[in-house]
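# Structure assessment
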Amino acid sequence: MTVVDRFLKYVTFATQSDEESGITPSTSGQRVFAEALVKELEALGLEEISLDDNSYLMATLPSNMEDKEVPTIGFISHLDTSPDMSGEGVKPRIVSYAGGDIVLNEAENIVLSPRMFPEMEQYIGQDLIVTDGTTLLGADDKAGVAAIISAVAYLKEHPEIKHGKIRIGFTPDEEIGAGADHFNVEKFGCEFAYTVDGGEIGELEYENFNAAAAKVVFSGRNVHPGTAKDKMVNASLLAVEFASMLPADQRPETTEGYEGFFHLTTMVGSVEQAVLQYIVRDHSRELFEQKKRLLEQITAQLSKKYPGMVSLEMHDQYYNMREIVEPKKYIVDLASEAMEAVGVKPQIKPIRGGTDGARLSFMGLPCPNLFTGGHNFHGRYEYIPIPSLQKSMETVVKIAELVATK
């Protein structure tokens, strides 16, 4: 089975996670997918296969080097897809891309166009896997799952490629920030690992955002509008006032590179109550803390103006793994060397987001992030060039080989 075959099979599993469920895994489909992977790993002859009650799946490809001790390394990806769009009934198809628009869904006039996504033009002449426009594709991160399993299958089929002990791990609920919640680093038993959860070909990342989630609740006072003067307090308007006090130039749509932001993800409201939910991001720990303080200051200011009507709940989600990985920069250099060896130009850049690897790094498992090849994650315009997915798999193989030669 090729890496493409695996990917096309894996995306048919509905594994969208759910932030509101309060259980692990947050959706039953992730368990179904994990159990299917257990059977596949058993058929491949991997060892130490374990699937715990929280649907964390681990397995081992033993070392084929008896004469040399080689560090145990790991490769990790996640089972779930984003709750931002449905992952139910995904219908992938392969398009030989000759340039121009790709009609994803003629009936609904959904078109994947280089006018919106100019990077498509670098894939002219390649086969792309696309959606039918009604769901996401699921390359984030089933492409990672496919690349890892295909890589260990390839190594098992080619014993002439020497490698040490390799551990693979698949986590639930990464998309809702819970992927590392129950990950047993000691059981995984690796000196270092890589998440295979990045985007376009060549991406290699060991810096990510510091991240927090904030929920602001506004309590209003509703009376008949005909007699509301000096009595009514409209919670929805309080929410608008709060949002207007945040800097307009610090939003996802106005920032790039190392620039952080406040992202309003949800806004619901009535006269009686309104709720704003934000994610707060910055690569700089200092600027990250400043952003959180600003939310607290605005809350205090409005609470003084509207006593008892504004409350803030906020918690940190993860931190920038650079401070953990940089002292062991050789693991980044190793991945860069592997990419170059398989004909891929490394693009070392900060993640404008986070991965399981960020939290795992702070749990004692340094964990840079490798590309899968996908684009436009979390939406109907998601696609992945087949050559990029193939190179993701080849990079994993080459890393394993290089570790054995160092």
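Right above here is the structure, for reference.
Conventions we followed
Residues numbered from 1 in each chain as written. Predicted model: local features only at pLDDT ≥ 70, side-chain atom pairs only at ≥ 80, totals over all residues. Heavy atoms only, no water. Axes fitted to C-alpha atoms, helices over the stretch in contact; angles between N-to-C directions. Helix = DSSP H or I, 4+ residues; strand = E, 2+ residues; numbered from the N terminus. Parallel < 35°, antiparallel > 145°, perpendicular 65-115°, else oblique. Left-handed = near helix turned anticlockwise from the far one by under 90°. Contact = heavy atoms within 4.5 Å. Nonpolar A, V, L, I, M, F, W, Y, C, P; charged D, E, K, R; others polar. Phe/Tyr/Trp six-rings, centres within 6.5 Å; stacked < 30°, edge-to-face > 60°. Lys NZ or Arg CZ within 6 Å of the ring centre and 35° of its normal. 1 Å grid on protein atoms, 1.4 Å probe; cavity = no way out; pocket = protein on both sides within 12 Å on 5 of 7 lines; lining within 4 Å. Points joined across faces, edges and corners; volume = space filled by probe spheres on them.

### Let's talk about the packing of helix H1 (residues 3-10) against helix H3 (residues 139-157)
Relative orientation and spacing of two packed helices are given, respectively, by the angle between their axes and the distance between those axes. Relative orientation of the contacting elements H1 and H3 amounts to 140°, with a least axis distance of 9 Å. By the angle class used here, H1 and H3 are oblique. Crossing of H1 over H3 shows right-handed handedness. Facing H1, whose interface residues are Val-3, Arg-6, Phe-7 and Tyr-10, H3 presents Ala-139, Lys-142, Ala-143, Val-145, Ala-146, Ala-147, Ile-149, Ser-150 and Ala-153. When grouped by side-chain class, the residues that make up the contact of H1 with H3 number 10 nonpolar, 1 polar and 2 charged.

### A word on the packing of aromatic side chains
In total, this model carries 13 aromatic pairs according to the counting rule given. When the ring of Phe-183 is compared with that of Phe-188, the centres are 5.2 Å apart and the planes differ by 75°; the resulting orientation is edge-to-face. Through successive ring pairs, a cluster of aromatic residues spans Phe-75, Phe-192, Tyr-194 and Tyr-330. One Lys or Arg, Lys-142, reaches over the ring of Phe-33 and ends 5.4 Å from the middle of that ring.

### Brief notes about empty space enclosed by the protein
A complete count under the given rule lists 1 cavity of 30 Å³ or more for this structure. As a volume, the largest cavity reaches approximately 30 Å³. What lines the largest cavity is Val-70, Pro-71, Ile-73, His-163, Gly-164, Lys-165, Ile-166, Ala-400 and Val-403. Looking at side-chain class alone, the lining of the largest cavity contains 6 nonpolar, 2 polar and 1 charged residues.

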